[in-house]
Amino acid sequence: MKTRRTLLILLIFAALIGLGIYFFKGGPKTRFSFSGPHFDFLSGPTSEEKSEILQTVRDRLKRCENSAGPETVPSRLARLNPYTNPYYVRLWLKGKKLFERRGQGGAFEASFPKTLQHLCAQMKGREFSPEELKEVRVEVSFAYDLKPFDERYFLEKKKRLSSEMGLFGIFLPEEGRWIYPADFSRRNVPFKKLFRALCGKEKGQEECLDSIEGRAFIFRAFNFVDTEDGSPLDLFRLSPFYSLKTLEAEEVDRRLHLLGDWFLSNLSEEGNLPYLFVPSLGRQAKAKNPRHYWVRQWMATWFFQRLANFIDEPDFRQAALKNLTKNLERTLKIEEDREIAYIRYGGEADLGCASGALMSLLESRHPERAKLIRYLANFILGQQEANGKFRTFYLPADRDDNQDFYPGEAMLALMILYEKDPKAHLQIPERMDKAFRYYRDHFRAHPNPAFVPWQTEALYKLFQAQKNREVADFIFEMNDFLVKVKKVPEGVSRFEELESLGRLYDPSEPRPKASIVSGGHTEGMTDALTLAVELQDRERVKAYSQALRLWLSLLFRLQYTSENSFYVPQQKAVLGAFRISETDNNVQVDNNQHGGNALLKVHLLNRKVSSLVFEVPQK
């Protein structure tokens, strides 16, 4: 009995010692205190303070070997000293992270000097050439708006959270673990993979949410990086923000040439363009669907030819022709007895690929250009039925889907052919008039934003040929539908507002149905705006020009430049290209076609129409 009592006393004593150690060490290992003032969206670092932070870090990097003693916060940052917002500082060189330091607690005046000391300690012995120092990019991210994790927020909004990835970060105090918004964007983490990152594979979504509540926080962040001239660039999902009031026409030309560099540097020796590049993995990925691969490749080849004609340089023309020739070698099939040609891959042949091939040849200097244009046109016209409808597949003959895409592409290809030689193709406008009437009924029965751009481009050319007011009215009907929720307020400043206005064509939809919506919609809207100007429709001129300004600013954000590709080691694979979307930083070849064609069409707008896009009207 006495032995048991002694053992019990010892156990209680050990437990008390354990609890004493536990509380003496502060309980759970929490690496962040929420005490002290915190700035929010309105009171965060000013542009001048961001510049000072970046310059201080860069200056300290230059003199790590030549100075010693305690660090101090520059006087220009005195306003930030009391704030205890968590932050990180990262240094990047050619896509590789050289340094990372997180300030997770305590006032800025204490944590920032420690960050600078840590920088020199980690860079000790590392020598940078003057050229390398110029290429080093300093990235900073400050957390704000920290709130306790609310399970209901995720469960109620989970249908839209895929489009919100990169807008919020997660903090787990017990683990001292911060996942910043930029981390989600950089790693291309979709919402469905968030739970695996937080809870592992063993827990389901709702179980994971339940386990996180009470021990996690959600937050937003200011994210900025220094540019080549040293000025700070605010990043939103790792993309810069472009004000609707500062868009410049000259910037379109620069970006077209930057995209041209991507085409040249990524064209293989054999003449192939990469289909999909995944920056988070650092490699190319294969297409899962051969049809998707070839439709997108052929549309990119068409734009390659158009861009070659615009840039008008021998090397570029030769590269574009090489790509066209290679794709023809791989996929072109000719039936001489019927004098038709089409694109075949595996056991399929569709209208979209044939249309892309026809438009590519129309822009090219291919030696067999005349014959192949005639054969492809014969094939496309042969797919049209008496009522105007197009059969979208030649093989298999019983397949007839993609009516929202392929007929519009076919109609555009035929109208481009007509424009280049009207006398030789007098039947095309009449045939396209039948298609117009059929697909007007189709759209009214099944309205789809993805239908609008191709049809708008084709029907604008038909209107120019026939001046049929019915055609003009339908162009307006489609594009009114497209901008019905895009009532763009001038002076939009909140990134979140710009996001919801610019990408989601309907607030009830959780995600756009077509990739790079801004690019595709811009292609057609340029023609709709031009038509509205020609017909002096002031209300539509205002609505369409507002939409174009917004979509163009979003296209600028989606394009990889030296400023926003600092975290990608394989610069050649992304520089000049377009991301798929704000939530997907992969590069897919058709996004370059849509985005590039959009920029090219904006660049070629006549002066009167262009002024409406780039000169914001005064209130």
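Residues numbered from 1 in each chain as written. Predicted model: local features only at pLDDT ≥ 70, side-chain atom pairs only at ≥ 80, totals over all residues. Heavy atoms only, no water.

So, the state of the cysteines
Which entries qualify depends on this criterion: For this text, the term disulfide refers to a pair of cysteine sulfurs within 2.5 Å. Secondary structure elements follow DSSP: runs of H or I of four or more residues count as helices, runs of E of two or more count as strands, with numbering from the N terminus. Accessibility here uses a 1.4 Å probe with only protein chains present; expressed as a share of the type maximum, an area under 20% marks a residue as buried, one over 50% as exposed, and anything in between as partly exposed.
A full pass over the atoms with the stated rule returns one disulfide. Here Cys64 is linked by a disulfide to Cys120, with a sulfur-sulfur distance of 2.1 Å. Its S-S torsion of about -80° marks the bond between Cys64 and Cys120 as left-handed, since a negative value means left-handed. Placement of Cys64 in the loop between helix 2 (47–62) and strand 1 (87–93) and of Cys120 in helix 3 (residues 108–122) is noted, with a sequence separation of 56 residues between them. An identical accessibility class is assigned to Cys64 and Cys120; each is buried.

Some details on helix 11 (residues 314–331)
Condition: Expected helix span is given by 1.5 Å per residue-to-residue step, counting one fewer step than there are residues. Residue contacts are defined here by distance: any two heavy atoms, one from each residue, within 4.5 Å place the two residues in contact.
The first and last C-alpha atoms of helix 11 sit 26 Å apart over 18 residues, in line with the 26 Å expected at 1.5 Å per residue. Buried within helix 11 are the following residues: Phe316, Ala319, Ala320, Asn323, Leu324, Asn327, Leu328 and Thr331. For helix 11, the elements touching its buried residues are helix 9 (249–266), helix 10 (290–311), strand 11 (332–335), strand 12 (340–343), helix 12 (351–362) and helix 13 (369–382).

A look at the confidence of the model for the protein
The condition that has to hold: pLDDT expresses how confident the predictor is about each individual residue, on a scale running from 0 to 100.
Of the residues in the protein, 85% reach a pLDDT of 70 or more, and the chain-wide mean stands at 86. Per-residue pLDDT stays below 50 along residues 14–31; that stretch engages in 12 contacts with residues further than four places along the chain or on separate chains.

Some thoughts on unusual backbone geometry
A cis amide bond links Leu395 with the next residue in sequence, Pro396, at an omega value of -10°. In this structure, Pro396 sits in the loop between strand 14 (393–395) and helix 14 (406–420). Not every positive phi belongs to a glycine, and Asp145 is a case in point at roughly 55°. A positive phi angle, close to 65°, is found at Asn402, a residue other than glycine. With respect to the element layout, Asn402 can be found in the loop between strand 14 and helix 14.

Observations regarding the environment of Asp40
With respect to the secondary-structure elements, Asp40 resides in the loop between helix 1 (2–24) and helix 2. Of the residues examined, Asp40 reaches a relative accessible area of 39% and is grouped as partly exposed. Distance in space between the C-alpha atoms of Asp40 and Leu146 is 9.1 Å, their sequence separation being 106 residues. Other than its neighbours up to four places away in sequence, Asp40 contacts Tyr144 and Phe222.

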